[in-house]
Amino acid sequence: MKIKQLILPILLTSAVGVSLFLSASILVNPAHYDRSNQKESSQTAQIDSKPISSVYSPTQVVQTKSNGKQYLLTNQSINLITEIGQQMNNYKDAKYTALNGDEKDYFNLLNTSDSVLLSYPSSINLKIVSKFINNAFDKLPNVTINRIMIPFDDSNNIYLLSDSGYKIYRVNVKDTNISGIKKIISDNVRAIGVSVKKLNDKPYIDFTDSFKMPQYAYLINKTSQNYYVTRLLSDSQDVTVKRHRDSTVYNDENSRQITFTNDGEVNYYDSHPGAISTNMTQFLTDSYNNISQISINDNLANIRFFDYNAKSSKVVYRNYVEGFPIFDQTPYGAIEMKLVDNTSLKYNFSLKTLQIPVPTGRGDIELPSSDAVLKSIRAYGYDVSKISGIELGYQWSNTKSSNILITLEPTWFVKYNGKYINYHQLLGRGIQ
């Protein structure tokens with residue numbers, strides 16, 4: 001009897017031991033990770049159907065407390081933005097008023113005591129924003145905004161804010177569900193001290209003091225070239241292949257071309273994509289449908305809208321980790337779609353996708369305040385007037401010891417002359 005009673009504990013102990021050994025093997029030598037998962041995926045799996053409301057959701061949450069102090073909020077357990085959006089899904093009978101405000105009024109709203117501010121990384125119009133809150137704003141004018149400010153009072157008003165021209169729109173709904181939002185932003189959140197300030201006539205989130213950020217490591221999956229050739233050129237009778245030293249190029253009789261570079265980047269060009277609209281709402285909707293249908297980055301779970309450029313008809317998406325964008329996955333972000341010559345579409349993306357987070361065994365990294373970053377840039381002789389943005393994000397770095405493991409290190413990215421650059425690289429280059 002005693003022997004039987006001992007069997008179960010022994011088996012459980014053995015199972016735990018094997019699990020710990022395998023986990024250690026992955027960290028010490030990721031090459032030991034399941035070989036069937038290391039191989040380039042043939043991608044016979046289903047297409048990810050991440051809703052458009054997730055891809056076009058805000059990316060930052062800033063709380064202003066009753067004493068006026070402001071904090072950027074993150075949560076490692078849940079997606080704060082998604083949870084807040086669910087609390088906003090019951091907005092009804094939205095009534096819209098355009099206010100005659102100025103710059104002072106605009107910044108007063110950005111710094112409203114006892115409120116929460118949801119921000120997009122780039123301007124976006126209200127028809128797309130409406131999808132984030134269960135289409136509650138579909139009947140409102142399709143204005144372009146950057147932020148949503150929700151005051152914690154009893155007015156049932158929220159404010160839609162456009163950084164361009166400091167435009168203010170007040171929207172009254174039946175219930176702003178303040179109690180639900182308050183609960184979400186008070187449970188297990190990490191708060192970093194910030195202040196909403198102005199940089200070259202545009203609002204930006206200023207990180208007022210130095211702070212620490214965690215590092216991450218991810219196992220990655222590399223999609224096979226054959227998957228995209230089959231998916232994008234399957235209706236072609238004649239596909240030609242040209243292999244170069246640094247790339248492989250596929251063409252078909254329908255004037256479509258896929259170029260795979262040796263480092264995992266993909267350029268897809270379609271000269272006959274059908275009707276193309278340059279209307280922002282339609283363009284962003286079509287872009288989402290396109291990246292979903294061809295399953296670029298087979299998992300859209302971490303993909304978020306990052307930038308839209310109306311002049312070049314270009315939209316950029318990035319992977320996000322804990323609410324912060326990842327840079328240098330490719331020179332184009334995670335996915336870029338661009339209209340070429342008003343007749344053709346060009347996509348840039350990567351074969352490599354994030355899969356499983358693994359412990360790094362490394363401590364948090366201390367980062368300087370954003371003011372300190374700007375002072376360093378100025379001290380190196382750069383023209384600060386050419387800075388149009390500064391973002392806290394993660395640097396994607398390949399790991400030399402393994403082709404299936406990448407590291408994500410937190411750092412500052414400065415948009416200088418229209419391009420985001422790791423500020424360490426910017427300072428290393430000297431005056432431009």
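Refer to the preceding data block for the structure.
For the structure given in this document, a descriptive report is provided here. Owing to the predicted nature of the structure, the values given are computational and were not obtained by experimental measurement.

Analysis parameters
Residues numbered from 1 in each chain as written. Predicted model: local features only at pLDDT ≥ 70, side-chain atom pairs only at ≥ 80, totals over all residues. Heavy atoms only, no water. Helix = DSSP H or I, 4+ residues; strand = E, 2+ residues; numbered from the N terminus. Buried < 20%, exposed > 50% of the residue type's maximum accessible area, 1.4 Å probe, protein only. Areas by Shrake-Rupley, 256 points an atom, 1.4 Å probe, with all protein chains shown as cover. Arc of directions from axis to C-beta. Pairing = 2+ DSSP bridges. Phe/Tyr/Trp six-rings, centres within 6.5 Å; stacked < 30°, edge-to-face > 60°. Polar contact = N/O pair within 3.5 Å; in protein donor to acceptor, adjacent residues only side chain to side chain. Core = buried A, V, L, I, M, F, W, Y, C linked by side-chain atoms within 4.5 Å. Axes fitted to C-alpha atoms, helices over the stretch in contact; angles between N-to-C directions. Contact = heavy atoms within 4.5 Å. Salt bridge = Lys/Arg side-chain N within 4 Å of Asp/Glu carboxyl O.

### Observations regarding the overall build of the protein
Stage number 1. Looking only at helices and strands, one finds eleven helices and 25 strands in the protein.
Stage number 2. Taking all 432 residues of the protein together, the buried fraction comes to 50%.
Stage number 3. Accessible surface for the protein amounts to roughly 21,100 Å². Of this, 47% is attributable to carbon and sulfur atoms.

### Here's the deal with helix H10 (residues 370–379)
Stage number 1. Residues of H10 that are buried include every one of Ser370, Val373, Leu374 and Ile377, and no others. Seen end-on, H10 carries its buried residues on one side only, within an arc spanning 95°. For H10, exposure combined with an orientation more than 90 degrees from the buried face picks out Lys375 and Ala379.
Stage number 2. One or two steps after H10, the chain reaches Gly381, where phi turns positive at roughly 95°.

### Comments concerning the pairing of strand S4 (residues 115–125)
Stage number 1. For S4, the tally of buried residues reaches nine of eleven residues, placing the bulk of the element in the interior.
Stage number 2. As defined by bridge partners, strand S1 (residues 60–64) adjoins S4 across five bridges and the pair is classed as antiparallel. Within S4, the position partnered with Thr64 by the bridge is Ser115.
Stage number 3. Pairing between S4 and strand S5 (residues 144–151): seven bridges, direction antiparallel. Bridged to Ile124 within S5 is Ile145.

### A look at the packing of aromatic side chains
Stage number 1. Applying the stated criterion to the full structure yields 21 aromatic pairs.
Stage number 2. Pairing Phe306 with Phe327 gives two aromatic rings, centres 5.8 Å apart and planes at 90°, and the pair type is edge-to-face. One end of the pair, Phe306, is in strand S16 (residues 303–309); the other, Phe327, is in strand S18 (residues 324–327), with 21 residues separating them in the sequence. Comparing Phe306 with Phe327 shows no difference in burial state: the two are buried.

### Remarks on helix H5 (residues 103–110)
Stage number 1. Turning to H5, its buried residues are Tyr106, Phe107, Leu109 and Leu110. Down the axis of H5, the smallest arc covering the buried residues is 155°, so these residues share one side.
Stage number 2. Where H5 begins, the side chain of Asp102 points an oxygen toward the backbone nitrogen of Lys104, at a separation of 3.2 Å.

### Remarks on the pairing of strand S8 (residues 190–199)
Stage number 1. Relative to S8, strand S2 (residues 70–74) runs antiparallel, the two sharing five bridges. Following the sheet pairing, Leu72 is matched in S8 by Ile192.
Stage number 2. Relative to strand S9 (residues 202–207), S8 is paired through six bridges, and the arrangement is antiparallel. Bridging across to S9, Lys198 finds its partner in Pro203.
Stage number 3. From the end of S8 to the start of S9, which pair antiparallel, there are two residues, and Asn200 there has a positive phi angle of about 50°.

### Focus: unusual backbone geometry
Stage number 1. Even without being a glycine, Asp93 presents a positive backbone phi close to 55°.
Stage number 2. Positive phi, close to 55°, is recorded for Asn188, a residue that is not glycine.
Stage number 3. Judged by relative accessible area, which is 56%, Asn188 ranks as exposed.

### Quick look at the nonpolar core
Stage number 1. Of all hydrophobic cores here, the largest spans 66 residues; its most connected members are Met88, Leu118, Phe137 and Ile150.
Stage number 2. Judged by nonpolar contacts, the second largest core, of 49 residues, contains Tyr159, Leu161, Val373 and Val384.

### Let's talk about the sheet that holds S8
Stage number 1. What the nine strands build is an open sheet, ordered S3-S7-S6-S5-S4-S1-S2-S8-S9; its pairing is antiparallel. Both edges of this open sheet fall to strand S3 (95–99) and S9, since each of them pairs with a single strand only. On average, each strand axis in the sheet is inclined to that of its neighbour by 30°, with strand direction left out of account.

### Describing the side chain of Ser369
Stage number 1. As for its position among the elements, Ser369 is in the loop between strand S22 (365–367) and H10.
Stage number 2. Ser369 gets classed as buried once you look at its relative accessible area, which sits at 11%.
Stage number 3. With near-sequence residues (within four places) excluded, Ser369 lies in contact with Phe207, Thr208, Asp209, Ser210 and Trp412.

### Re the environment of Pro331
Stage number 1. Looking at the secondary structure, you find Pro331 in the loop between S18 and strand S19 (335–340).
Stage number 2. On the basis of relative accessibility, which here comes to 61%, the residue Pro331 falls in the exposed class.
Stage number 3. Between the C-alpha atom of Pro331 and that of Phe349, which follows or precedes it by 18 residues, the distance is 9.1 Å.

### So, the pattern of salt bridges
Stage number 1. Taken as a whole, this structure holds eight salt bridges when the rule is applied.
Stage number 2. The partner of Arg147 in a salt bridge is Asp163, and the shortest N-O contact between them spans 2.8 Å. Taken together, the positions of Arg147 in strand S5 and Asp163 in the loop between strand S6 (157–162) and strand S7 (167–172) put the pair 16 residues apart, joining distant regions of the chain. Each of the two residues, Arg147 as well as Asp163, counts as buried.
Stage number 3. The partner of Asp371 in a salt bridge is Lys197, with the nearest N and O atoms 3.6 Å apart. You can see Asp371 sitting in helix H10 and its partner Lys197 sitting in strand S8, a full 174 residues away along the chain.
Stage number 4. Owing to a relative accessible area of 29%, Asp371 belongs among the partly exposed residues under this scheme.
Stage number 5. Within this structure, Lys197, Asp206 and Asp371 form a network of salt bridges that share partners.

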